[in-house]
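Chains, contacts and geometry: an overview
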Amino acid sequence: MSMYKNLCRLLFQLEPETAHHQAENFLKLVSASSFLQEVMAKVCCYESEALKQQVCGLDFYHPIGLAAGFDKNATMIPALSALGFSFVEIGTVTKNPQKGNPKPRLFRYAVEESLQNAMGFNNDGAMKVATRLAKLYPYALPIGINLGKNKSVPQADALKDYQGVLKDFLDVGDYYVFNLSSPNTPNLRELQNSTFVGELFSMAKEHTHKPMFIKISPDMAMDEALQVCESAISCGASGIIATNTTIDYSLLSGAKDFGGISGAVLKTKSAGVFKEIAKAFFGKAVLIAAGGIDDAQEAYKRIKMGASLVQIYTGLVFGGPTLCKHINQEMVALLQEDGFLNIKDAIGADLT
Ligand SMILES: Cc1cc2nc3c(=O)[nH]c(=O)nc-3n(C[C@H](O)[C@H](O)[C@H](O)COP(=O)(O)O)c2cc1C
């Protein structure tokens with residue numbers, strides 16, 4: 001049994017949010033010590049020329065990034081980079097700090113290697129997070145900023161709220177993600193409509209030339225999802241992140257009837273949504289896949305389906321610190337098997 005599987009036995013004794021806080025404390029400690037980062041990087045990082053590429057003018061040394069929600073407050077970036085991620089998306093950050101939903105709000109399904117969360121954008125608020133990030137930025141890896149709306153802000157003021165949080169991050173961060181797809185802020189998903197999304201990206205384009213993405217839910221009717229993505233792209237989005245967590249509670253026996261489900265049980269649904277999006281937008285927009293990716297086969301599959309990059313959250317919880325390294329090592333072998341010299345050649349290979 002691997003060391004992480006043994007550690008899991010201990011960590012999984014803890015209530016899930018407590019376990020996350022313990023992990024966060026450890027990763028903060030690592031972030032404060034270049035010695036610990038070097039040790040961790042030796043164990044967890046993997047580099048190969050075959051995996052390097054530029055996306056949106058940014059350098060990615062491989063295609064595996066950390067999805068939003070793990071480092072909501074930008075407190076662990078150096079450690080996450082030592083864990084072997086090639087980019088880190090912080091947030092979701094809101095304009096004002098907020099506590100999020102009442103606890104318990106994170107649930108672990110170990111056998112299914114899945115999570116259910118109803119965190120509700122608990123975060124330190126834009127000013128504090130941007131100030132923290134400014135001490136690191138510019139960073140060796142691309143840093144994405146995932147932006148959300150405060151729960152207390154009425155729908156009618158949503159555009160102004162997104163504008164406020166974006167403006168606080170204009171000098172820090174390499175790309176922005178507008179998150180309209182969390183199931184944990186009441187009515188947020190209603191903003192996933194062509195009109196609002198068009199206004200949102202038109203507004204954002206007035207403030208920044210950096211790459212911008214929309215992160216979509218896996219629960220929309222497909223034609224609606226495609227319309228929303230079309231609107232985002234025609235109004236200035238560089239691409240689409242598909243997907244966020246699902247509220248399809250039938251995927252997990254024993255699921256709560258609130259919050260969003262992530263991890264292995266989301267894989268098929270997320271991949272299905274990604275496939276349709278790729279059919280419509282590959283070549284017109286940069287596509288990033290998220291949802292149930294936990295091994296090289298799945299990461300490579302999404303890349304061949306059209307993803308330039310992939311993101312992982314739940315897979316890290318169950319797969320442990322060497323996950324990125326293992327995925328990347330195997331991905332190089334998969335590229336070789338297919339006769340591709342570089343990851344770029346594999347992107348969208350299954351679409352043509
Ligand atoms: C505990 C938890 C918190 C999350 N918080 C956020 C968030 O704040 N913003 C966001 O865009 N996505 C958030 N997500 C969704 C992930 O970024 C990702 O899209 C989703 O979990 C699917 O990927 P996975 O199956 O690899 O976890 C969260 C996921 C989890 C498990």
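Structural data are supplied above this passage.
Residues numbered from 1 in each chain as written. Predicted model: local features only at pLDDT ≥ 70, side-chain atom pairs only at ≥ 80, totals over all residues. Heavy atoms only, no water.

**A short note on the sheet that holds strand S12 (residues 286–290)**
As summarised here, the arrangement of the eight strands in space is S3-S4-S7-S8-S9-S10-S12-S13, forming a closed barrel in which the pairing is parallel. Here the strands of the sheet are splayed against their neighbours by 25° on average, with no regard to which way each runs. Those strands touched by helix H5 (residues 126–134) are strand S4 (87–93) and strand S7 (143–147), and its axis lies near 160° from that of S4. (Pairing = 2+ DSSP bridges. Helix = DSSP H or I, 4+ residues; strand = E, 2+ residues; numbered from the N terminus. Axes fitted to C-alpha atoms, helices over the stretch in contact; angles between N-to-C directions. Contact = heavy atoms within 4.5 Å.)

**Quick word on the pattern of salt bridges**
Going through the model one piece at a time under the given rule, you end up with 14 salt bridges. For Lys95, the salt bridge is made with Asp168, and the minimal N-O distance between the two is 2.6 Å. Linking Lys95 in the loop between S4 and strand S5 (106–109) with Asp168 in helix H6 (residues 158–168), this pair joins segments that are 73 residues apart in sequence. Taking the relative accessible area as the measure of exposure, Lys95 reaches 27% and is therefore partly exposed. One salt bridge connects Lys301 with Glu298, and the closest N-O pair in it is separated by 3.7 Å. Remark: Glu298 and Lys301 occur in helix H10 (residues 296–305); sequence separation between them is three residues, near one turn of the helix. Owing to a relative accessible area of 41%, Lys301 belongs among the partly exposed residues under this scheme. Given the relative accessible area of 6%, Glu298 is considered buried. Connected through shared salt-bridge partners, Arg189, Asp219, Asp248 and Lys269 make up one network. (Salt bridge = Lys/Arg side-chain N within 4 Å of Asp/Glu carboxyl O. Buried < 20%, exposed > 50% of the residue type's maximum accessible area, 1.4 Å probe, protein only.)

**Points about the packing of aromatic side chains**
Evaluation of the coordinates by the stated rule reveals nine aromatic pairs. Taking the centre distance of 5.5 Å and the plane angle of 75° together, the rings of Phe70 and Tyr313 count as edge-to-face. Separated by 243 residues along the polypeptide, Phe70 in the loop between strand S3 (64–66) and helix H4 (77–82) and Tyr313 in the loop between strand S13 (309–312) and helix H11 (314–319) bring together distant segments of the chain. We classify Phe70 as buried; its relative accessible area is 7%. Ring centres of Tyr175 and Phe213 lie 5.5 Å apart, and the angle between their planes is 75°; this geometry places the pair in the edge-to-face category. Of this pair, Tyr175 sits in strand S8 (residues 175–179) while Phe213 sits in strand S9 (residues 212–216), and the two are 38 residues apart along the sequence. The structure contains a cluster of three or more aromatic residues connected by ring pairs, namely Phe60, Phe87, Tyr175 and Phe213. (Phe/Tyr/Trp six-rings, centres within 6.5 Å; stacked < 30°, edge-to-face > 60°.)

**Some details on the site of the ligand**
In the region of the ligand, 23 residues are neighbours, and Ala68, Thr92, Lys215, Gly292 and Thr314 sit closest. Interatomic distance of 3.0 Å between a side-chain N/O atom of Asn146 and an oxygen atom of the ligand. Between the ligand and Asn179, the relevant distance is 3.1 Å, taken from an oxygen atom to a side-chain nitrogen or oxygen of the residue. When isolated, the ligand has an accessible area of 600 Å², and the protein chains bury 98% of it. Where the shell around the ligand is concerned, the elements lending two or more residues are S4, strand S6 (114–117) and strand S11 (260–263). For the shell around the ligand, the class distribution of residues is seven nonpolar, 14 polar and two charged. (Near = heavy atom within 4 Å. Polar contact = N/O pair within 3.5 Å; in protein donor to acceptor, adjacent residues only side chain to side chain. Areas by Shrake-Rupley, 256 points an atom, 1.4 Å probe, with all protein chains shown as cover. Nonpolar A, V, L, I, M, F, W, Y, C, P; charged D, E, K, R; others polar.)

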